[in-house]
Amino acid sequence: MAIRTILHYPDQRLRVKAKPVPVVTAEIRKLVEDMAEAMYAAPGVGLAAPQVGESHRLFVIDVATEDESSNLLVFINPELVNLEGEQIWCEGCLSFPEISEDIKRAETVTVRALNEKGEPFELTADGLLAVAIQHENDHLDGILMIDHLGVIKRRVIHREMLKRQKDGDQEASASRG
Ligand code: ZN
């Protein structure tokens, strides 16, 4: 089966506030599988449903390094119930390929969510996992990494992404003949 396409900025679907998942159905579990597949293929450490054009409050994360065994975490209807401290991490995003910027986030985050079986859990994370949880949770509210940057950096990245979109369109129409 084809791997799901990840939307790139400035696709307007990335700006839509996602809807809560009322019940964790077989369709939702299939979406979770598809998203994990797309995330590992990219490769990336996290992917939120709006990034594949699905307006659901869910994301997947796996921060295991290549020599560690995979550790897929699924967060459905997540709520960040506590944020503490501060850290700066050089973040990337699958919706902004090849762009990375230093972004300030909380050092420690406590999140409550449902897993892929629909069971509630609570997790307190720090370091990269805390960053990834905050980054992916932002996607559910239509907030993107550039929203955390100063106006000049935001402008530079915006223009770069518009330019790529334009170049991509030209390549697409050229290949269509
Ligand atoms: Zn992202």
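Residues numbered from 1 in each chain as written. Predicted model: local features only at pLDDT ≥ 70, side-chain atom pairs only at ≥ 80, totals over all residues. Heavy atoms only, no water.

Just give me the short version of the pattern of salt bridges, but keep the residues and values in it.
Where charged atoms from two side chains of opposite charge come close, those side chains can pair. Per the stated rule, a full pass over the model turns up 14 salt bridges. Ionic pairing is found between Asp 34 and Lys 30, a salt bridge with its closest N-O pair at 2.7 Å. Of this pair, Asp 34 and Lys 30 both sit in helix α1 (residues 26–41), four residues apart, roughly one helical turn. Relative accessible area serves as the criterion here: at 6%, Asp 34 is assigned to the buried category. (Salt bridge = Lys/Arg side-chain N within 4 Å of Asp/Glu carboxyl O. Helix = DSSP H or I, 4+ residues; strand = E, 2+ residues; numbered from the N terminus. Buried < 20%, exposed > 50% of the residue type's maximum accessible area, 1.4 Å probe, protein only.)

How would you summarise a nonpolar patch on the surface if you had to cite specific residues and measurements?
A cluster of nonpolar residues, Val 151, Ile 152 and Val 156, forms a patch on the protein surface that exposes about 330 Å² of accessible area. Note that Val 151 resides in helix α3 (residues 151–176). A residue is classified by how much of its surface remains accessible, and Val 151, at 59% relative accessible area, is exposed. (Patch = residues over 30% accessible without salt bridge, like charges linked within 9 Å, V, L, I, M, F, W, Y side chains within 5 Å. Areas by Shrake-Rupley, 256 points an atom, 1.4 Å probe, with all protein chains shown as cover.)

Report on the coordination of the zinc ion, specifying residues and quantitative values.
Cys 93 (SG), His 135 (NE2) and His 139 (NE2) make up the full set of protein donors to the zinc ion, lying at 2.0 to 2.2 Å. Along the chain, the residues that donate to the zinc ion are spaced as C-x41-H-x3-H. Of this pair, Cys 93 sits in strand β4 (residues 87–93) while His 139 is found in helix α2 (residues 127–140), placing the two residues 46 residues apart along the sequence. (Donors = N, O, S within 2.8 Å, 3.2 Å for Na, K, Ca; no water.)

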